[in-house]
Amino acid sequence: MSYEGGGRWSGGTIYKPDNGSTYKCTVTLVGSDVLKVRGYIGFCAARHHQKWSRYTGTSMDLPPAH
């Protein structure tokens, strides 16, 4: 990804393991501990976004795999 300024990065990709697809991606810093992550195809017509928060816990234990 490349930093564009103003808390925004673009030019990267993100992988969705649920369906095995890779999407173009942008990331925007929307708070001191929050990123808005957008994955899209083409010119953002079909897009999905999530807000990711900084992990503040003390353990890196993951839940058991299904």
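Residues numbered from 1 in each chain as written. Predicted model: local features only at pLDDT ≥ 70, side-chain atom pairs only at ≥ 80, totals over all residues. Heavy atoms only, no water.

Caption draft 1: Expanded view of the pattern of salt bridges. For the structure shown, the criterion picks out two salt bridges. Across the salt bridge formed by R8 and E4, the nearest N and O atoms sit 2.9 Å from each other. Its relative accessible area of 48% is what places E4 among the partly exposed residues. R54 is the partner of D33 in a salt bridge, and the nearest nitrogen-oxygen pair spans 2.7 Å. Of this pair, D33 sits in the loop between β3 (21-31) and β4 (34-41) while R54 sits in the segment after β5 (46-53), and the two are 21 residues apart along the sequence. Classification of R54 as exposed rests on a relative accessible area of 54%. (Salt bridge = Lys/Arg side-chain N within 4 Å of Asp/Glu carboxyl O. Buried < 20%, exposed > 50% of the residue type's maximum accessible area, 1.4 Å probe, protein only. Helix = DSSP H or I, 4+ residues; strand = E, 2+ residues; numbered from the N terminus.)

Caption draft 2: Focus on the packing of aromatic side chains. For the structure shown, the criterion picks out one aromatic pair. The interplanar angle of 50° and the centroid separation of 4.9 Å between the aromatic rings of Y3 and W9 together place this pair among those described as tilted. Of the residues examined, W9 reaches a relative accessible area of 29% and is grouped as partly exposed. (Phe/Tyr/Trp six-rings, centres within 6.5 Å; stacked < 30°, edge-to-face > 60°.)

Caption draft 3: Here's a closer look at the pairing of strand β2 (residues 8-16). Two strands pair when backbone bridges link them, and strand β1 (residues 2-5) and β2 are joined in this way by three bridges, in the antiparallel orientation. When the bridges of β2 are listed, Y3 appears paired with W9. Joining the antiparallel neighbours β1 and β2 is a turn of two residues, in which G6 adopts a positive phi near 65°. Hairpin connection between β2 and β3: a loop of four residues separates the two successive antiparallel strands, and G20 in this loop has a positive phi of roughly 75°. (Pairing = 2+ DSSP bridges.)

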